[in-house]
Amino acid sequence: MSTLSATISEEYTQRYEALLRATSAIGTCCDCDSAAEMLVQALREVVSFDYLQLVTFEHDTEIVEWHVLYANGARQNLHATDVVVRGTPIALVHDSQQPLAIADWSEEARFPEHAGFLSELGITATCVLPLARGHRRLGVLSVGRSRRNVYPEDEVRFLSVVADQIALAIDAAVNFYLSRQAEDRLKLILDLTNQVVSKLNFQELLQAISASVRQVMQCDAAGIMLAEPDGLHLRKHALDYPDSRGVFAEDTLIPIDGSEIGATFRSGNPWVINRLDARELSPEMYAKASAEGMNSICHVALISRERSLGVLAVANREENAFDQEDVSFLSQVARQVAIGLENALAYGESLISRQARSGKTVFGG
């Protein structure tokens, strides 16, 4: 083997070893921010880049699930919902599952808007690669330099190996996160079971439930509304919302007629919205959610013995926060909460009855 060949082989071996260290670290990250920082830091040992963009999609959709953008020496803040995919190399590579190297963007006419975006960042050449695990298309990885003609065929082949390893790491990180999430959620169900058996004090039970649900669901707010004796309203009995701006806490009664929560209470069906839209919300709900900065909201009915007792609600400032699996889990939680309510009522600890007599509320909203 020639000295030059040995040097090249040694260089790629070192890069590959660095890549394995990087993907191993990324695969055990427990949150997206940590994984993003680890990704940029680790790939520095493997690939020279002035620009890095990673986009992952929700399963079998075009909805961006996770986005990392690094340019000009720093991570750029761009929300996943603001990422432009259609009409860009990201869409082309995601659809074709083939890498795309652009030697000089000043000579590329297919993606004018993306070319302008890169020009503003000072990027001249890019290599865009699919992220996949078997037949599952996870997303796209893009790297770029301020110099032209830096992605010859051998570099694209190596970058394809990098992309395969990154896809493996992302898949591992997601599975690691889901396993921990499943463990946390199972623990919550068990804790709720213990609480509904041991906590006969109505208010203590509701406060404990709201706090536990918010923490495990990693959302910004969780609350419990129960039916009033008049049959016309729901009353907010517990609200765990550390960063409240005061809007949700102002109201003590919610009308059943004409409200989203009331519709869930009456129908027994879960209600979910993952992006605020004035056309899909009542004016009152839209105004309150906007004022609090909430973008994702989920309501599930508290049903015991085929009777609706109230509603469990969670909310998040992030868009697309609640998927079908979250709704199913919250429905499980709601069944346990309903058991707790029946248990407390059976032992004469009903806060509802005391409030009806005194006209007082726990959360003075």
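Everything numeric in this text was worked out from a predicted model, so none of it was measured.

Undergrad: Let's hear about the pairing of strand β1 (residues 51-57): which residues, and what values?
TA: By the criterion of burial, β1 is predominantly enclosed, with seven of the seven residues buried. Alternating positions in β1 separate into two faces, Tyr 51, Gln 53, Val 55 and Phe 57 on one and Leu 52, Leu 54 and Thr 56 on the other, with burial throughout. As paired elements, β1 and strand β2 (residues 64-71) share seven bridges and run antiparallel to each other. Bridging across to β2, Phe 57 finds its partner in Val 64. Alignment of β1 against strand β6 (residues 136-145), held across six bridges, turns out to be antiparallel. From the neighbouring strand, Tyr 51 faces β6, where its bridge partner is Gly 144.

Undergrad: Which residues make up empty space enclosed by the protein, and what are the values?
TA: Over the atoms, a rolling probe the size of a water molecule traces out where space has been left empty. Scanning all chains against the criterion turns up one cavity of 30 Å³ or more. For the largest cavity, the calculated volume is near 30 Å³. Looking at the lining of the largest cavity, the elements with two or more residues in it are β6 and α5 (153-198). Each residue belonging to the lining of the largest cavity can be placed in one class, and the counts come to seven nonpolar, no polar and no charged.

Undergrad: Residue-level account of the side chain of Gln 53, with values.
TA: Note that Gln 53 resides in strand β1. Residue Gln 53 is classed as buried on the basis of its relative accessible area, which comes to 4%. Among the polar contacts made by the side chain of Gln 53, one reaches the side chain of Tyr 51 at a distance of 2.7 Å. Reaching out from Gln 53, the side chain makes a polar contact with the side chain of His 67 at a distance of 2.9 Å. Filtering out sequence-adjacent residues up to four positions away, Gln 53 remains in contact with His 67, Val 68, Leu 69, Val 83, Ile 90, His 114, Val 140, Leu 141 and Ser 142.

Undergrad: Now, about the nonpolar core: what can you tell me, with residues and values included?
TA: With 31 residues, the main nonpolar core has Leu 43, Leu 52, Leu 54, Leu 131 and Val 162 as its most contacted residues. Those elements that provide at least two residues to this core are α2 (32-43), β1, β2, β5 (125-133), β6 and α5. Here this core takes eight residues from α5, the largest share from any one element.

So, how was this worked out
Residues numbered from 1 in each chain as written. Predicted model: local features only at pLDDT ≥ 70, side-chain atom pairs only at ≥ 80, totals over all residues. Heavy atoms only, no water. Buried < 20%, exposed > 50% of the residue type's maximum accessible area, 1.4 Å probe, protein only. Helix = DSSP H or I, 4+ residues; strand = E, 2+ residues; numbered from the N terminus. Pairing = 2+ DSSP bridges. 1 Å grid on protein atoms, 1.4 Å probe; cavity = no way out; pocket = protein on both sides within 12 Å on 5 of 7 lines; lining within 4 Å. Points joined across faces, edges and corners; volume = space filled by probe spheres on them. Nonpolar A, V, L, I, M, F, W, Y, C, P; charged D, E, K, R; others polar. Polar contact = N/O pair within 3.5 Å; in protein donor to acceptor, adjacent residues only side chain to side chain. Contact = heavy atoms within 4.5 Å. Core = buried A, V, L, I, M, F, W, Y, C linked by side-chain atoms within 4.5 Å.

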